[in-house]
Amino acid sequence: MAKPTVLVTRKLPEAVETRMMELFDARLNLDDVPMGRAELKAAIATVDALVPTVTDTIDADIISAAGPKLKIIANFGVGVNHIDLAAATAKGITVTNTPDVLTEDTADLAMALVLMAPRRLSEGERLVRDGKWTGWAPTQHLGYRINGKRLGIIGMGRIGVALARRARGFGVAVHYHNRQRIADALETELEATYWQSLDQMLAHMDILSINCPLTAETKHLLSEARLKRLPKHCFIINTSRGGIIDEAALAKALRNGDIAGAGLDVYEGEPKVNEELLKLDNVVLLPHLGSATLEGRIAMGEKVIVNLRTHADGHKPPDRVLPSDF
Ligand code: 8YV
């Protein structure tokens, strides 16, 4: 039987690409230049499977160009907001993602930002690198203590829970808002406080972390009006998707001192970063590094391979996502 043809839109770790070549007729992107829309449309007209990443917009128009053979989109990543799930499903295309394997790495990065923003660590690093540090002083560069603070987690899924466990280790009180309350045993383990109303929770938090997926419902969940509910000393951490926060309103709130600071790994128009945010000192800006570990990226690739292979073998791939999941 001929090997299935698989279009991989970006360069993946060596070990993943090698295994893909063994198992599939894989069309790799060796120089890693992102594919334009026309190129992508032409390419998916003839393949059996597509492996996109967060940098590809797989909207209804792109999906309409898929040829009759294309039956699976195996996303390299857990977030699928860049894929029109309804259009894929309507065309009988299975969509899969890569959950679990990036949970711990992303939670590590979120915790790092929880520490970096209130303690002003990026600012401190810049001070030293710029040769502007004049020596220790009792009142110089003071940040806020982490221990004893309240962390509000929006979206208590895998990554939210993993962040909560880390925060407990730092003596931080866990609060959360989620579509559903988590299991009693987990809530007890985390000593977590559930807020059914996000609006109510916001007013009581010292640090807020976004850990929910970007969907039609969560787009600009942190709107200008909601940002106004946060206390002035609050820090916002976002390792999920930029579009969950109204970025322009966030920049305004940070500039005006309506909130104390932010730690961001994701942006509304990646890789473009809001000009206002770039000018501000009280924001830590990272280039979407949540799952960027060698081990994590190889594990994500292995998940993609398992999903492609089980599908090619006529089984249901393990990590199917449906429009109703999000
Ligand atoms: C990935 C991510 O690097 O998995 C996700 O949803 O945001 C990142 O950690 C990216 O999506 C790869 O496509």
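Residues numbered from 1 in each chain as written. Predicted model: local features only at pLDDT ≥ 70, side-chain atom pairs only at ≥ 80, totals over all residues. Heavy atoms only, no water.

## Topic: the overall build of the protein
- Along the protein, the regular secondary structure elements total 13 helices and 13 strands.
- Here the C-alpha radius of gyration of the protein, 21 Å, is about what a compact globule of 326 residues would show, namely 20 Å.
- Principal-axis analysis of the C-alpha atoms places the extent of the protein at approximately 70 × 50 × 30 Å.
- The buried share of the protein, taken over its 326 residues, is 50%.
- Long-range pairs, those at least 24 residues apart, make up 59% of the contacts in the protein with a sequence separation of at least 6.
- In the form shown here, the protein has an accessible surface area of approximately 15700 Å², with 55% of it arising from carbon and sulfur atoms.
- Considering the protein, the positive charge centre built from 39 side chains and the negative charge centre built from 41 side chains are found 3 Å apart. (Helix = DSSP H or I, 4+ residues; strand = E, 2+ residues; numbered from the N terminus. Rg over C-alpha atoms; globule rule 2.2 N^0.38 Å. Buried < 20%, exposed > 50% of the residue type's maximum accessible area, 1.4 Å probe, protein only. Contact = heavy atoms within 4.5 Å. Areas by Shrake-Rupley, 256 points an atom, 1.4 Å probe, with all protein chains shown as cover. Lys, Arg positive; Asp, Glu negative; His and termini not counted. Charge placed at Lys NZ, Arg CZ, Asp CG, Glu CD.)

## Observations regarding the site of the ligand
- T53, V54, F76, G77, V78, G79, L102, R241, H288, S291 and R297 make up every residue found near the ligand.
- The separation between an oxygen atom of the ligand and a polar main-chain atom of V54 is 3.0 Å.
- In this structure, V78 approaches the ligand through a main-chain N or O atom, which is 2.7 Å from an oxygen atom.
- Alone, the ligand offers 320 Å² of accessible surface; in the complex the protein occludes 91% of this.
- Considering only residue class, the shell around the ligand consists of four nonpolar, five polar and two charged. (Near = heavy atom within 4 Å. Polar contact = N/O pair within 3.5 Å; in protein donor to acceptor, adjacent residues only side chain to side chain. Nonpolar A, V, L, I, M, F, W, Y, C, P; charged D, E, K, R; others polar.)

## Digging into the pairing of strand β7 (residues 173–177)
- The buried fraction of β7 amounts to four of the five residues, a majority that puts the element mostly inside the structure.
- The sheet contact formed by strand β6 (residues 150–154) and β7 spans five bridges and is parallel. The partner of G152 across the bridge, within β7, is H175.
- You can see the chain leave β6, run along helix α7 (residues 158–169) and come back into β7, and the turn it takes is right-handed.
- In this structure, β7 lies alongside strand β8 (residues 193–194), joined through two bridges in parallel fashion. Bridge assignment links Y176 to a residue of β8, and that residue is Y194. (Pairing = 2+ DSSP bridges. Right-handed = clockwise from strand over helix to strand, strands pointing away.)

## Let's talk about the domain arrangement of the protein
- Domain boundaries in the protein define domain 1 (5–101 + 293–325) and domain 2 (103–285).
- Between the C-alpha centres of domain 1 and domain 2 there is a distance of 31 Å.
- Every contact between the two is made by nine residues of domain 1 and, on the other side, six residues of domain 2.
- Of the roughly 650 Å² buried at the junction of domain 1 and domain 2 (both faces included), carbon and sulfur atoms supply 38%.
- In terms of surface lost to domain 2, no three residues of domain 1 exceed N81, D100 and T293, which account for 54% of the buried area on that side.
- Our count for the contact surface shared by domain 1 and domain 2 stands at one salt bridge.
- Here R158 ties to D100 by a salt bridge, and the two come within 2.9 Å at their closest N and O atoms. (Domains from an automatic or database assignment. Buried area = accessible area lost by both parts, 1.4 Å probe. Salt bridge = Lys/Arg side-chain N within 4 Å of Asp/Glu carboxyl O.)

## Some remarks on unusual backbone geometry
- That bond from E270 to P271 is cis: its omega, 0 degrees, falls within 30 degrees of zero.
- Within the element layout of this structure, P271 appears in the loop between β11 (261–264) and α12 (275–279).
- Positive phi is not limited to glycine here, since D100 has a value of about 75 degrees.
- Note that D100 resides in the loop between β5 (94–96) and α5 (103–116).
- For H220, which is not glycine, the phi torsion reads 50 degrees and is therefore positive.
- Summarising the element assignment, H220 is placed in the loop between β9 (207–210) and α10 (224–227).

## Concerning the pattern of salt bridges
- Scanning all chains against the criterion turns up 26 salt bridges.
- Put simply, D61 and K41 hold a salt bridge, and the shortest N to O gap is 3.0 Å. Here the residue D61 occupies a position in helix α3 (residues 60–64), and K41 occupies one in helix α2 (residues 37–44), the gap between them amounting to 20 residues.
- Residue classification places D61 among the partly exposed positions, given a relative accessible area of 36%.
- A cluster of three or more residues bridged by salt bridges with shared partners is formed by R37, K41, D59 and D61.

## Some points on the packing of aromatic side chains
- Counting across every chain of the model gives two aromatic pairs.
- Between Y144 and F235, the aromatic rings sit 5.7 Å apart at their centres with planes inclined by 75 degrees, giving edge-to-face as the arrangement. Pair noted here: Y144 is in the loop between α6 (121–129) and β6 and F235 is in strand β10 (residues 235–238), with a separation of 91 residues, a long-range link.
- Residue classification places Y144 among the partly exposed residues on the basis of a relative accessible area of 41%.
- Measuring from ring centre to ring centre gives 5.0 Å for Y176 and Y194, while their planes differ by 40 degrees; the resulting arrangement is tilted. Here Y176, found in strand β7, pairs with Y194, found in strand β8; they are 18 residues apart in sequence, far enough to count as distant. This pair shows no difference in class: Y176 is buried, exactly as Y194 is. (Phe/Tyr/Trp six-rings, centres within 6.5 Å; stacked < 30°, edge-to-face > 60°.)

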